[in-house]
Amino acid sequence: MGAASMLLLLLTRPLEFRTLVQFYIWHDQRDVSAPADHKYTGWNRPTMRRCWHFLDMTSRSFSSVIKQLDHDLARVVCLYYLVLRGLDTVEDDMTLPDEKKQKILRSFHEHTLTDGWNFNENGPDEADRQLLVEYENVVTELKLLAPEYLDVIIDTTKKMEAGMADYAHQAQTTGKVYLEKKEEYDLYCHYVAGLVGEGLSGLFSASGKEHSTLAGQLELSNSMGLFLQKTNIIRDYREDVDQHRYFWPREIWGDDKYGRAVGRPGFKDMSEMYRPENAKQAEYVQSAMVLNALCHATDALDYLRLLKDQSVFNFCAIPQTMAIATLTLCFKNPAMLQQNIKIRKAEAASLIMRSKNPRDVSLIFRDYARRIHAKCTPDDPSFIPIATACGRIEKWCEDQYPSFLIVGGPGQFNESDPRTAIAHKDEERIRKTNLQRKQKELLEANADVVKGAQALRLKEESQEANPIVYILIAFAIVFATGVGAVYGLIWLADNVHWLK
Amino acid sequence: MATESFQSYLVTGGSGLLGQHIVKLLRSRYPYAPVAVFDLVPSDQDEGVRSFVGDITDRNALEKAVKECKATCIFHTVALLQGPLRDIQMNVNYGGTVNVLSVARVQSVPKLVFTSSASVVSDGKAQVGIDESLPYPPKPFDVYNETKALAEQDVLHANGHGGLSTVSLRVAGLFGPGDKLTVPGFMSMLVAKKTHIQFGDNTNLFDWTYIENAAHAHLLAAERLNPDHPKFSEVAGQAFFITNGEPIPYWDFGRELWKAVGHVPSKITVIPRSVGILIATIMELVSWFTGRPAVLTRFRIMIFCTTRWCSIEKARKALDYEPPVPLHEGIRKAAECWQTHQAPPNN
C-alpha cells in the first residue's frame, strides 16, 4: 500500500488503519534469505533460490504462510506446492491437445524426478508457464529431500495427476462442460484440493512436528482442502464463467427449486446467473453453494484441534479463517456475480493476527457463522439448512470450549450456567477420591507403624477390660461385706441376751 | 427385531399427538404385535388397535386395560401441558404415573417407556448444550416441569424392581402435523399479523423435535429394554434427551412455518429483550387490573430470548437414535397440515 492510500485509509477508516499499522509492526515475516537459516531454507543454492522466486511468482497468498513454517518444513512445502502448481499449469492449459496433455499429466510423477526435465509447450498466456520452462530447478531440489518427504510428495502427485487427467480428458473429448452431481463436485475438489490436504498432513507427520497419526486423518485433511477450494470456486464465479470454466455442480445451480421460488424454471446455463433480471434466483443458488461449503467448517475445526506445532497451526488456520471470511463476504452479495470481490486488507491482517490457537479460530468461525445467519432471509429455500449449518458451528464451539468455563476471568466458572453445578459436583468427587487415595497411600507407606499402633491399641483395649473385672470384684466384696454385716447383726441380736 | 413381535403394547394417551404416532409406528414396524390404546377418548385411527377408554387417574380402569390386553410394554405418554390448575396437573402428570407404575408392578409388565420433557431440568435460565448429567433444579420453573420431574424420578427409581425395566425420554420442543401447541402458537402470530416483530437478537439456539422422530426414539428405547439386548444396561433406568439434533435460532422456526404457508415478513422489527420485558410487565399489570388475559407475558419473552438446546449424544450412543426426518422437512409437513385442518377460513 502506498503512503497516499494509507493516509486516505487513516481518514476514512481509522480502525482499519490501526489494524494495518499493528500488523506491520508486530507481524514478523520470515526472511528465507537470512544466512543463519540457510541450512533450512537452502537459499545458498541457486536452484532453491529460483524455487523461492517461483513460489513468490505463483502464489502471493500462500507464499507468506508457507515461509512461516518452522525449520526445513517451509522448503519442503514450497517444493510440494511448486510440483502441484506445475501439474495444475499443464491441466489448465486449453491450448494443449488432449493426447499431449494426457501423456504429460499421467507421467508427471516420473518427470518430476527426471534430472533436467522441463516443459516449454504451454500456451503463451499460461500465467505460470515459466515455472515449467525452468522446472529442472525443482527436480534438483526435490532429489535433495529426505525420502520420507519425497514419498509423500510423489504419492500425492500420482493421485492428483490421475484425477486431473480424467477430468481433462472428459472435458476435452466429450464436450461435457458441467459437473453434474454434488458428489462429482466433491470428487473434483478432492483431486485438486483434498489431496493437497492429505499430502500436507503426511508431510507434517514426516517432519515429526505433528503426531504420526495425522497422516492418516484423510477425511479431515480432505475437508480442509475442500473448504478452501469451494470458497474459491464460489468467489471466482464470474472470472471462471467468463473464461468458460464451470465448477459449480448443475445439481445446485440448475435446481428447479430455486426457479420455483421466483416462479421460473431452473437455470439452463451458468451465465444466466449474472443477468440482472435473474438476481433473486441467482442469490438462492449462491446461498446453496455457500451452504454446501459451510458443511466442511466443523471438520476443519476438528483438524486444527489435532495440531500441536505453532507454525503448522498458523499455516493451516490462516487460510481457513480467510475462507470463512470470504464465504461471509460472498453470501447474499450480488457484486460477486459481476466482479471479483475480496475481503479488505485490514480484515485479512486482523485474521492473520488472530488465527493463533484453535479456540480463537473457532470463535472467529462462530462470529462469521452468525453474520451469515443474520444476512439470511426466510424467503431463501436454504433458510433452515443454513441456520442448521451455522448452529452446528455454534454447537462445535460449545462442545469443545464450553462457555460456562471462563478463560482469563477472575473465577473459573460462570455461576449462572446450570452446567457449573455439574462441574462443582465433579470437582467435589475428584477432591474426595484424591483424599481417599492419599489416605490409603499414607496407610500403606507406613504399614509397620500402623500395625504397631493397632497392636498397641488392641493391647490397651484388652487392658481396658480389666477395670470392669476389678469393679465387679469390688462390687462382690462390698456386697459380701454388706451381707456379712447384716447377718452378723441379726446373729448378735439373736444371741446376745443383754440386747433383748 | 423378531422378539418385538411377541410383545403386547399399550399406549397411554394413544389418541394424543405423540401417542398416535407411536401407535402408527408400532403397527407398521411390528404388524403382528397387538397394540392397545388407553385414553379419555376412543382411538379410531386403526381397526387393528384395541381401544380402552378411561382416565389415567382411575387406577382400576387402567389395571383392567393392562390385564385385558396382557400388556408387556407400556408407553406412558399421557400428560397435561402448561395451563390448568396445579392440583389437576399434579393428579394427571404425577398421580397418573404412580398409577401406571403400580399397575405395571402388580400385573408384572416388564417394560415401561415414559415420555418426559427436556424441561424437567429447566429453572427458566439459559441451557446451553446441557446433557443428562445435569441435576433437577432445586426450584422448578413451573408446575408442569415440577410434576414431570417428580414422575420421571419415580419411573427411574422403579427400574429393576419386580422385573420392571424403565426408561425416560426427555423430548424437547415437540411439533408436528396436528400439534395443538407449538405450530398453532406460531401461526397465531401470523393470523394476528405480528410476524414482523422479533424479540431479542435471534442468536439464541433452540431445540425442536419432529413428532415422528420422537416416536422413533420411543420404539428404539422399548427394543432396548429387553434384557437380552446388548444395550440393555445402557438404557434401563436411564433418562435421555431427544431432539432433532439441529438447534437453530428461535425465530427461524416460526419464519419457516410461515413461509411454508406462503408468508414471508417483508421487514423485521427487532425489539431488544429488555424492552420486551418492560412491555410485558406493563401488559401483565394492565391484565391484573382489567382481568383480561395479557397478550404478552414475561414468560413468553423469556421463551423467545433464551438459549435452550441439549446434547443428544447419549441417545445417539445408547439408543442408536438418529433423527430420520430433518427439521426443514418436518416444518413443511406440520405447516401443510395446519393449513388444511387448522387455519382460520379467511386466511
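Residues numbered from 1 in each chain as written. Chains lettered and ligands numbered in written order. Predicted model: local features only at pLDDT ≥ 70, side-chain atom pairs only at ≥ 80, totals over all residues. Heavy atoms only, no water.

Notes on the overall build of chain A
Spelled out, the test is: Elements are defined by DSSP. Helices are runs of H or I of four residues or more, strands are runs of E of two residues or more, and each kind is numbered from the N terminus. Radius of gyration means the value over C-alpha atoms here, while the globule rule gives 2.2 Å times the residue count to the 0.38 power. For the exposure calls, accessible area comes from a 1.4 Å probe over protein chains only, and a residue counts as buried if that area is under 20% of its type's maximum, exposed if over 50%, partly exposed in between.
Along its length, chain A carries 24 helices and zero strands. Its C-alpha atoms give chain A a radius of gyration of 39 Å, more than 25% over the compact-globule value 23 Å for 500 residues. For chain A, the spread of C-alpha atoms along the three principal axes comes to 160 × 60 × 55 Å. In chain A, which comprises 500 residues, the proportion classed as buried is 48%.

A closer look at the packing of helix 11 (residues 147-174) of chain A against helix 12 (residues 182-207) of chain A
Residues and elements named next belong to chain A. To keep things clear, this is the line we draw: The angle between two axes is taken between their N-to-C directions and runs from 0 to 180 degrees, where each axis is a line fitted to C-alpha atoms and a helix contributes only its stretch in contact. The labels follow the angle: roughly parallel below 35 degrees, roughly antiparallel above 145, roughly perpendicular from 65 to 115, and oblique for the rest. Classes in brief: Ala, Val, Leu, Ile, Met, Phe, Trp, Tyr, Cys and Pro nonpolar; Asp, Glu, Lys and Arg charged; the others, Gly included, polar.
The N-to-C vectors of helix 11 and helix 12 enclose an angle of 175°; their axes lie 9 Å apart at closest approach. By the angle between their axes, helix 11 is roughly antiparallel relative to helix 12. Residues of the contact of helix 11 with helix 12, tallied by class, amount to 14 nonpolar, five polar and four charged.

Focus on the state of the cysteines
For the record, the criterion: Whenever a pair of cysteine sulfur atoms sits within 2.5 Å, that pair is classed as a disulfide.
For the structure shown, the criterion picks out zero disulfides over all chains. You can see cysteine 51 of chain A has no disulfide; the closest cysteine sulfur is in cysteine 78 of chain A, sitting 6.0 Å from it. With no disulfide partner, cysteine 310 of chain B has as its closest neighbouring cysteine sulfur the one in cysteine 397 of chain A, 18 Å distant.

Side note on the pairing of strand 5 (residues 111-117) of chain B
Residues and elements named next belong to chain B. We count it as follows: At least two bridges found by DSSP between two strands are what make those strands a pair.
Among the seven residues that make up strand 5, seven are buried, leaving the element largely enclosed by the rest of the structure. Of the two faces of strand 5, the one carrying Lys111, Val113, Thr115 and Ser117 and the one carrying Leu112, Phe114 and Ser116 are both buried. Pairing of strand 4 (residues 73-76) with strand 5, which is carried by four bridges, proceeds in the parallel orientation. Directly across from phenylalanine 75, in strand 5, lies its bridge partner valine 113. Two strands pair when backbone bridges link them, and strand 5 and strand 7 (residues 165-171) are joined in this way by seven bridges, in the parallel orientation.

A short note on the domain arrangement of chain A
Residue and element names in this part refer to chain A. What counts is decided by this rule: For the domain bounds, the source is a domain assignment made automatically or taken from a database. Whether two residues are in contact is decided by their heavy atoms: any pair within 4.5 Å suffices. Summed over both partners, buried area is the accessible surface (1.4 Å probe) that two parts give up on being assembled. Salt bridge criterion: a side-chain nitrogen from Lys or Arg within 4 Å of a carboxyl oxygen from Asp or Glu. Any pair of nitrogen or oxygen atoms within 3.5 Å is treated as a polar contact; in protein, a donor-acceptor pairing is required on top of that, and neighbouring residues in sequence qualify only through side-chain atoms on both sides.
Assigned domains within chain A: domain 1 (24-176), domain 2 (180-185 + 217-401) and domain 3 (402-457). Each of domain 1 and domain 2 was reduced to a C-alpha centroid, and the two centroids are 27 Å apart. Taken together, the contact between domain 1 and domain 2 spans 12 residues of the former and 13 residues of the latter. Regarding the contact of domain 1 and domain 2, the summed buried area is about 1,000 Å², with carbon and sulfur atoms giving 64% of it. At the boundary of domain 1 with domain 2, the tally comes to zero salt bridges. One can count two residue pairs in polar contact (both at pLDDT 80 or more) joining domain 1 with domain 2. Residue assignment for the side of domain 1 that touches domain 2 shows that the elements contributing at least two residues are helix 5 (60-68) and helix 6 (73-92). It is helix 5 that provides the largest number of residues to the side of domain 1 that touches domain 2, a total of four residues. Each residue belonging to the side of domain 1 that touches domain 2 can be placed in one class, and the counts come to seven nonpolar, two polar and three charged.

What to know about the interface of chain B and chain A
Size of an interface: often given as the accessible area lost when the parts come together. Every contact between the two is made by 27 residues of chain B and, on the other side, 23 residues of chain A. In this structure, the connection of chain B to chain A is made through five residue pairs in polar contact (both at pLDDT 80 or more). Contributing elements (two or more residues each) for the side of chain B that touches chain A: strand 6 (127-130), strand 13 (248-249), helix 8 (250-260) and helix 12 (327-342) of chain B. In terms of residue class, the side of chain B that touches chain A is made up of 13 nonpolar, seven polar and seven charged.

Examining empty space enclosed by the protein
Inclusion rule: Both cavities and pockets are sets of points on a 1 Å grid over the protein atoms alone; in a cavity a 1.4 Å probe fits but cannot get out, in a pocket the set is open with protein on both sides within 12 Å along at least five of seven lines, and lining residues sit with an atom within 4 Å of a point. Grid points are joined across faces, edges and corners, and a volume is the space filled by probe spheres set on the points.
Inspection of every chain in the model, using the stated rule, returns one cavity of 30 Å³ or more. Approximately 80 Å³ is the volume attributed to the largest cavity. If you go around the largest cavity, the residues you meet are Ala369, Arg370, His373, Ala387, Cys390, Gly391 and Glu394 of chain A together with Asn202, Thr203, Leu205 and Pro249 of chain B. Going through the elements one at a time, helix 21 (358-375) and helix 22 (383-400) of chain A are the ones with two or more residues in the lining of the largest cavity. The element contributing the most residues to the lining of the largest cavity is helix 22 of chain A, with four residues. Across the lining of the largest cavity, the residue classes tally to five nonpolar, four polar and two charged.

Regarding the sheet that holds strand 7 of chain B
Strand pairing in a sheet relies on backbone hydrogen bonds. The paired strands run either parallel or antiparallel. Residue and element names in this part refer to chain B. The strand order 3-2-1-4-5-7-12 describes an open sheet built from seven strands, whose pairing is parallel. Of all strands in the sheet, those with a lone pairing partner are strand 3 (49-53) and strand 12 (238-242), marking the two edges. Averaged over all adjacent pairs, the angle separating strand axes in this sheet is 20°, with direction ignored. Seen against the sheet, helix 4 (residues 143-158) touches strand 5, strand 7 and strand 12 and runs at an angle of roughly 155° to strand 5.

Some words on the pairing of strand 12 of chain B
Residues and elements named next belong to chain B. Burial analysis of strand 12 places four of its five residues in the buried class, the great majority of the element. Two strands pair when backbone bridges link them, and strand 7 and strand 12 are joined in this way by five bridges, in the parallel orientation. Residue leucine 169 lies in a different strand from strand 12, and its bridge partner there is phenylalanine 240.

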